[in-house]
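Per-entry structural report
Residue-level listing of the chains:
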Amino acid sequence: MKRTATVAVALLAAASLLLAGSALAGSKTYKQAGQIVGDKGSEVKLRVKVKGGEPTQVKGFKAKDVITRCNDTIKRYDYESLSPIPLHDGEFKITLSDSSIGLEIKLKGHTKRHGKAVNGKISTNEFEVNGKTCKVSKQKFKTSI
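Cut-offs applied
- Residues numbered from 1 in each chain as written.
- Predicted model: local features only at pLDDT ≥ 70, side-chain atom pairs only at ≥ 80, totals over all residues.
- Heavy atoms only, no water.
- Core = buried A, V, L, I, M, F, W, Y, C linked by side-chain atoms within 4.5 Å.
- Buried < 20%, exposed > 50% of the residue type's maximum accessible area, 1.4 Å probe, protein only.
- Helix = DSSP H or I, 4+ residues; strand = E, 2+ residues; numbered from the N terminus.
- Contact = heavy atoms within 4.5 Å.

**A few points about the nonpolar core**
Ranked by internal contacts, the top residues of the largest apolar core, which has 26 residues, are Phe61, Tyr79, Phe92, Leu107, Ile122 and Phe141. Counting residues per element, the ones that place at least two in this core are strand 1 (27-36), strand 2 (43-51), strand 3 (54-70), strand 6 (91-98), strand 7 (103-112), strand 8 (117-124) and strand 9 (127-129). Considering every element that reaches this core, the biggest residue donor is strand 3, with five residues. Residue contacts for Leu107: discarding those within four places in its chain leaves Phe61, Ile85, Phe92, Lys93, Ile94, Leu96, Lys121 and Ile122.

**Brief notes about the side chain of Thr111**
Inspection of the secondary structure assignment puts Thr111 in strand 7. Every residue in contact with Thr111, bar those within four places of it in the chain, is listed here: Val48, Pro55, Leu87, Gly90, Ala117 and Val118.

**Concerning the environment of Thr95**
Residue placement: Thr95 occurs in strand 6. Looking at Thr95, the relative accessible area reads 46%, which means it is partly exposed. For the pair Thr95 and Ile85, spaced ten residues apart in sequence, the C-alpha to C-alpha distance is 10.0 Å. With sequence-adjacent residues up to four places away left out, Thr95 is seen in contact with Glu104, Ile105 and Lys106.

**A few points about unusual backbone geometry**
Although it is not a glycine, Asp89 adopts a positive phi angle of roughly 55 degrees. Among the secondary structure elements, Asp89 is positioned in the loop between strand 5 (85-86) and strand 6. Look at Asp89 and you get exposed, because its relative accessible area is 81%. Phi is positive for Asn130, which is not a glycine, with a value near 50 degrees.

See the structure below:
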């Protein structure tokens, strides 16, 4: 009798692990890195969450050292999204704003290879920094795992 109870407990534990594993197998997050196309001094990082084989959101978007024109000079600034960006059919289009300096970051793009790569564009409106008017012209970026 004791042996039967041990086997039943072991089978129950194996079945629960199997079910938990199959639920987790459908959800992944791909950490990606890349850059602005043609600008080796820049860096773009993001994560794509995939559920059931379909990309559902972009999280942790960070663009570092992006060329920004401020009046007649070129500067490099960092831009990031603190909130997740939802995907619809693998595509995203969103405007993020920072009202403290009047900045609006426009991000647009799509995922490729089931969430393992992203092609997109970043741009901004004109905004003020240290008395200078700055803007990021539309620039393409690419990331992959």
